[in-house]
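Tertiary structure, described
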Amino acid sequence: MGTIIARKQGNKVYYLYQETFREKINQKDSGKTCGSGKSRVCTQSIYLGTAEKILESVKGKKEPVKKLG
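The text that follows walks through the structure, step by step, so that each part is easy to find. Predicted, not measured: the structure shown is a model, and the values here were computed from it.

Bringing the overall build of the protein chain into the picture now. A count of helical and extended segments in the protein chain gives 1 helix and 3 strands. Traced from its N-terminal end to its C-terminal end, the protein chain shows the element sequence β-β-β-α. Computed over C-alpha atoms, the radius of gyration of the protein chain comes to 18 Å, more than 25% over the 11 Å expected from 2.2 N^0.38 for 69 residues, which places it beyond the range of a compact globule. Taken over the C-alpha atoms alone, the protein chain extends approximately 50 × 35 × 15 Å along its principal axes.

Another aspect to go through is the packing of aromatic side chains. Per the stated rule, a full pass over the model turns up 1 aromatic pair. For the pair Y14 and Y47, a centre-to-centre distance of 6.2 Å together with 40 degrees between the ring planes defines the contact as tilted. Linking Y14 in strand β2 (residues 12-24) with Y47 in strand β3 (residues 39-50), this pair joins segments that are 33 residues apart in sequence. For Y14, a relative accessible area of 23% gives the class partly exposed. Of the residues examined, Y47 reaches a relative accessible area of 52% and is grouped as exposed.

The rules behind these values
- Residues numbered from 1 in each chain as written.
- Predicted model: local features only at pLDDT ≥ 70, side-chain atom pairs only at ≥ 80, totals over all residues.
- Heavy atoms only, no water.
- Helix = DSSP H or I, 4+ residues; strand = E, 2+ residues; numbered from the N terminus.
- Rg over C-alpha atoms; globule rule 2.2 N^0.38 Å.
- Phe/Tyr/Trp six-rings, centres within 6.5 Å; stacked < 30°, edge-to-face > 60°.
- Buried < 20%, exposed > 50% of the residue type's maximum accessible area, 1.4 Å probe, protein only.

As structure tokens, this is what we get:
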């Protein structure tokens with residue numbers, strides 16, 4: 001589950017969908033407890049556009065939106 005973030009650049013506001021997750025540095029390690037190997041925080045961002053572009057795309061769709069990825 002991610003969050004929608006507003007970023008202001010100049011006079012315009014742009015929106016991003018951002019997810020963060022943990023990834024093991026060594027893929028052979030497993031588990032979620034202390035001592036199960038080092039992990040790092042990764043962030044995935046998807047550019048959504050301006051509020052006007054998002055509204056256009058939502059109003060123009062007659063079908064359900066397909067999940068990306």
